[in-house]
Every structure is written in C-alpha cells, then in structure tokens.
Amino acid sequence: MYTEKVLDHFSHPRNMGEMQDANGVGMVGNAKCGDIMQMFLKISDEGVIEDVSFKTFGCGAAIATSSMATELIKGKKVEEALKLSNSAVVEALEGLPPQKIHCSVLAEEAVKAAVEDYYKRRGEPVPEGTERKHAGH
Amino acid sequence: MKRIYLDNAATTALSPKVLEAMMPYLTEIYGNASSPHWFGQEARRGVEAAREKLAGALGADPSEIVFTGGGTESDNAALFGAVEKYKKKGNHVITTNVEHHAILHACEALEKKGYAVTCLPVDEYGLVTPEQVAAAITDKTILASVMFANNEVGTVMPIPEIAKVCHEKGVLLHTDAVQAVGHIPINVKEMGIDMLSLSAHKFHGPKGVGALYLKKGIRLPSHIVGGEQEKGRRAGTENVAGIVGLGAAIELAVAHMRENAARMSALRDRLIEGILGTIPEVKLNGHPTKRLPNNVNVSIKYIEGESILLMLDMNGIAASSGSACTSGSLDPSHVLLALGLPHEVAHGSVRLTLGDDTTDEDVDYVLKILPEVAKKLRFMSPLWKGAVE
C-alpha cells in the first residue's frame, strides 16, 4: 500500500526529534483522531530556515509526510516554506493511498503553524499563507 | 528474515492434511452432489461425511447443519431468517455492541426495515451479563444474538447462562462462534444454543465455506433462493471440496483442541506478561482469564497502531490493530471503544493471535522486537514524555 519512499521515510525519518533552540514551534492534529504533528523551526534573522525537526504521533504516512516536509523546507526562505503544499509532499513521496492524503495536509499545516508561531514570538504580523485548510484537523 | 504469522484471528493457514482431504474433490470427484448418478453420489458422500463430522464436533444432529459460504453469510441468514420467520411474535432483536460487523450491520439493516434493536453495552472486559440480556427481553423479542468469543479482544461470553435466560422467556439465542469453534469446547445441546455461525478458515480449513447450526424445529426461509440444496435451507450447488475441507479441519481441531489450547494459553500468558513487564504504560485489552487461548491484545500508549504494525512487519512479524488507520475509517475499532478505551489508547492497540505452529522462540522474538518498536515510535511521539534511553 505504501511506496518505497514512504517506507524509507517511515523507517529512517529525517530531522526527527525535539529542538531546544527552536524559534518557531507548531503542533497540529489531535490524539483522538490518531495523529499529531509537532514541527520545530530555527529561522535566521535573514528569514532562512536554518534547521527544522519534527515529532509525530501517528500512522506510517503521518511519520513519512512529516519527515518529507522537513526535507522540503530545510534551507528555504520562510516565504517559500509557506508555499509548501500537501500535494508537493505527496509527490515527493511518490504517492500516498487516498485515505492517507489527510496526513500530507497535516504536514503542510504543521509547517504553517510553526511559521505562525515564529512571527508571533517576534511580535510581527503573521504573513498571508499561514491560514490552515481545516483548523485542528 | 524470520517470518512469524500472528494474525490467526484474521485467517489461519490451510492445514496440509485438510488440503489432502480436499484434493480428490478438486480433481476426480467433480460430480454435482445433487446428481443421482455415481459421480454425483460420490460427491454427496463427501458432503454428508463432513456434515456428520461437524455435527459430532458441536454435539448436534447432522440434520441441524446447513453449509454456507462463510461466517458472514451464516450470521446474516440467522438474523434475517429468524425475524422473517417469527415476525408474528414481534419485532425486537437483542445484541451487543462488540459484535462483528456481520451482525452489527445486519442489525442496522433490520432497524432500517422498522425492527427494534437493543444493543447491550459490555463492561470494561467485553462481557455482557445474563441479567442484562434478561432485562432487555420484551414480549416482542424474537431473538438475542451474542457472540461466543470476541474477534478483537478474545473475551469469551457466558453463553450457557445467556441461553438459559433467553429460554426462560421464550427467546431464541443465536451465537456468532466464528472465533470459538475449533478453539474452545462447544456443545450446542448442553449450552442451549439455538443457532450458531462458524467459518472453516478460522480453524485451518479453506476460505469461503462455513455453516449455520439450526436447532431442530427452527425452520428459516432460505436466504438464497434457487434449488433445493441443503434441504431447501440454502440454495446453490454445494462447495463440495470446501465442505469436505471444513469437515477435515473440524475433526483435526477437535482431536487436538485440548493440547493446542493448553500450549497456546501458556504462550499467550507468557506474551502478555512479557509485554506488560517490559514496556511501560501498556494496557491489556479484554478479560484477563475469560479469553481465547490464542488472543493477545494490548494498547501501547502514546503511539499509533498502524505504525506499530508496519514496524513489526519490517521485522517479519504479522499482527493486527484496531486503530482507525487500519480500519479505513476515522474511528478506531468499535470493540475497543465499547470497552471504554479513550480514542487515543484504542489507536495504539496491537492484536497478536497465535496459531498451532507458534513456538516458544516466536514468543521470545516478539518479546525482543515489540519493546524496541515501542521505544522507537515513542521516541518520535510528541505525546511521550517518559524516559527515552
């Protein structure tokens, strides 16, 4: 049911773990639904995502999409990270079963939630693009 | 890599001896069991010998056995048939909230047709009491359908006691015994069972064949109409090889039941104790003692079932889970929720169901791998705040 790529990211997740010096942290989903994603960002003064990590409670697809999302935004400018779409995550994973597409949406939302947190911490207006498709999953 | 099959509640391997018994009926004995000629009569003898074996295993009379296409068909036939047959008596059916979907969805279909269904809640172990059944019976109740043993958590219901209260009030008792037949002793006469469903592939028989026990005197309208097969109780040319396989499988299962159950219970208990002893914050689902000899079901908190299964699978262990992600719906298993588990704990369930071929070494291997899997997934989980070594 899963592609090789999904299984690879599931069994060897990239950028997994908590980040102590993150300056933007977002958490989306809920335990009742069976998936929670937490995204940690370290954004430089120039607005570049210098480091990113995640922690996820969820199925194989939830873990793989979180892992892939971190790879896709690492080293990018915040504005670019905000453009990360769930379909880009699915594509990078070479596909997901239809019932698992919501995991990729959650990954997109986790990135946006972390960016939103970054701006809020700085007391700056939150740029457009952080709105989530469906709040709280 | 070592491969260990611990999903015997889903299906079992066909026994080589069963296949051997079936082979002639897949090859030279190809006659239609309804044909009067020699070819047909040879097939007929195979069907009737299987019927006698199954009847003997259940303490029934061969005339009380109707062969079907499996457990779901038997369940549907019993429910739909009984309400149709006894509609003059009333419109009420009693069941439990942990039944297999073959019963629950049939009950939902009955409700849509205007029947009243009482779905009794189970306790934290998955049990209903005879008192609950008695209290639910009205003068309109046609039948109660209570499973013999639960497919997910393995809890064994007090069927003889439930049968007693049903009969005191003139209500029929059907039991879905798909997980129990061939695994634990069942005697329909001694236990007072009126209707019972079973499926061959749960006890090392072939898929696509099952049976419905109908106590003498219970004459249901055929749920499949056509020819006069099964004495007009189930139309359609008999699945001769499948039926012969069912007969061979039940004969083997009953012959080795005592030793298999003793061996598997010991492995089951070692597995449960090992898991509870090595992984912190784990809950055993189902009853500690009133459970099938081959069933282990635990919830590993703070992680999710499908990822546990994937990781077990990568290590060669085939298991099952009641998480939403494996059920294909948004909610975790209705059985685990019926036991009162919070959603997030139900999501972390793992079911390991042992087979005749499960060894001590297999249990050792699971007890080595599962704690590693739990540790690895908890390390990834934002919910896990415990120590990570």
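It should be emphasised that the depicted structure is a prediction, and the values quoted were computed from it without experimental measurement.

Q: Which parts of the structure should I look at to understand the overall build of chain A?
A: For chain A, the count of helices and strands is five helices and three strands. Listed by position from the N terminus, the elements making up chain A come as α-β-β-β-α-α-α-α. The globule rule puts the C-alpha radius of gyration for 137 residues at 14 Å, and the 14 Å found for chain A is close to it. With the C-alpha coordinates aligned to their principal axes, the bounding extent of chain A is approximately 45 × 25 × 25 Å. Looking at the 137 residues of chain A, the share that counts as buried comes to 53%.

Q: Just checking my understanding: could you explain the interface of chain A and chain B for this structure?
A: In many reports, interface size means the accessible area that the parts give up when they come together. Contact with chain A, which involves 23 residues of that partner, is made by 19 residues of chain B. Of the roughly 1900 Å² buried where chain A meets chain B, counting both sides, 71% is carbon and sulfur surface. Together, Phe10(A), Lys32(A) and Phe57(A) form the three largest contributors to the area buried by chain A at its contact with chain B, with a combined 31%. Counting the contacts that link chain A with chain B gives one salt bridge. Between the two partners, chain A and chain B, sit ten residue pairs in polar contact (both at pLDDT 80 or more).

Q: Would you explain helix 9 (residues 240-255) of chain B in this entry?
A: Every α-helix carries 3.6 residues per turn, so stepping three or four residues along brings you back to the same face. Residue and element names in this part refer to chain B. Given a rise of 1.5 Å per residue, 16 residues ought to cover 22 Å, and the 23 Å separating the end C-alpha atoms of helix 9 matches this to within 8%. Counting buried residues in helix 9 gives twelve out of 16 residues, a clear majority hidden from the surface. Of the residues making up helix 9, those classed as buried are Val240, Ala241, Gly242, Ile243, Val244, Gly245, Leu246, Gly247, Ala248, Ala249, Ile250 and Ala253. Turning to helix 9, the residues buried within the fold contact helix 1 (16-26), helix 2 (38-58), strand 2 (65-68), strand 7 (195-199), strand 8 (210-214) and helix 10 (257-278).

Q: I would appreciate a short explanation of a nonpolar patch on the surface in the present structure.
A: A cluster of nonpolar side chains, Leu14(B), Leu19(B), Met23(B) and Leu26(B), forms an exposed patch at the surface whose accessible area comes to about 330 Å². When you line up the elements, Leu14(B) lands in the loop between strand 1 (4-5) and helix 1.

Q: How do you make sense of empty space enclosed by the protein when you look at a structure like this?
A: Vacant regions in the atomic arrangement are exposed by a probe of water-molecule size rolled over the atoms. On inspection of all chains with the given rule, the structure shows one cavity of 30 Å³ or more. In this structure, the largest cavity encloses a volume near 50 Å³. Taken together, the residues of the lining of the largest cavity sort by class into six nonpolar, two polar and one charged.

Q: I keep staring at the pattern of salt bridges and nothing clicks. Help me out?
A: Note that side chains of opposite charge can pair when their charged atoms are close. Enumeration according to the criterion identifies 25 salt bridges over all chains in this entry. With its nearest N and O atoms 3.0 Å apart, the salt bridge here joins Lys42(A) to Asp21(A). Highlighted residues: Lys42(A) in strand 2 (residues 35-43) and Asp21(A) in the loop between helix 1 (4-11) and strand 1 (24-30), separated in sequence by 21 residues. Here Glu108(A) and Lys112(A) are joined by a salt bridge, their closest N and O atoms 2.8 Å apart. Taken as a pair, Glu108(A) and Lys112(A) lie in helix 5 (residues 101-122) at a separation of four residues, close to a single helical turn. The pair Glu108(A) / Lys112(A) is uniform in exposure class, with both members buried. A single salt-bridge network, built from bridges that share partners, covers Arg44(B), Glu48(B), Arg51(B), Glu230(B) and Glu238(B).

Q: Any chance you could explain the packing of helix 1 of chain A against helix 2 (residues 60-73) of chain A here in plain terms?
A: The description of two packed helices rests on the angle between their axes and on the distance between the axes. Residue and element names in this part refer to chain A. For the pair helix 1 and helix 2, interaxial distance at closest approach is 8 Å and the crossing angle is 85°. Our classification of the angle between helix 1 and helix 2 gives roughly perpendicular. Together, Lys5, Val6, His9 and Phe10 of helix 1 and Gly60, Ile63, Ala64, Ser67, Met68 and Glu71 of helix 2 make up the contact between the two elements. Per-class residue counts for the contact of helix 1 with helix 2 are five nonpolar, three polar and two charged.

Q: Before we go on, may I ask you to explain the confidence of the model for chain B in this structure?
A: Low-pLDDT stretches of the model should not have their predicted coordinates read in fine detail. Looking at chain B as a whole, its pLDDT mean stands at 96, while 98% of the residues score no less than 70. Interface confidence in the predicted complex, given as ipTM, is 0.93; pTM for the same model is 0.94.

The rules behind these values
Residues numbered from 1 in each chain as written. Chains lettered and ligands numbered in written order. Predicted model: local features only at pLDDT ≥ 70, side-chain atom pairs only at ≥ 80, totals over all residues. Heavy atoms only, no water. Helix = DSSP H or I, 4+ residues; strand = E, 2+ residues; numbered from the N terminus. Rg over C-alpha atoms; globule rule 2.2 N^0.38 Å. Buried < 20%, exposed > 50% of the residue type's maximum accessible area, 1.4 Å probe, protein only. Contact = heavy atoms within 4.5 Å. Buried area = accessible area lost by both parts, 1.4 Å probe. Salt bridge = Lys/Arg side-chain N within 4 Å of Asp/Glu carboxyl O. Polar contact = N/O pair within 3.5 Å; in protein donor to acceptor, adjacent residues only side chain to side chain. Expected span 1.5 Å × (residues − 1). Patch = residues over 30% accessible without salt bridge, like charges linked within 9 Å, V, L, I, M, F, W, Y side chains within 5 Å. Areas by Shrake-Rupley, 256 points an atom, 1.4 Å probe, with all protein chains shown as cover. 1 Å grid on protein atoms, 1.4 Å probe; cavity = no way out; pocket = protein on both sides within 12 Å on 5 of 7 lines; lining within 4 Å. Points joined across faces, edges and corners; volume = space filled by probe spheres on them. Nonpolar A, V, L, I, M, F, W, Y, C, P; charged D, E, K, R; others polar. Axes fitted to C-alpha atoms, helices over the stretch in contact; angles between N-to-C directions. Parallel < 35°, antiparallel > 145°, perpendicular 65-115°, else oblique. pLDDT = per-residue confidence, 0-100.

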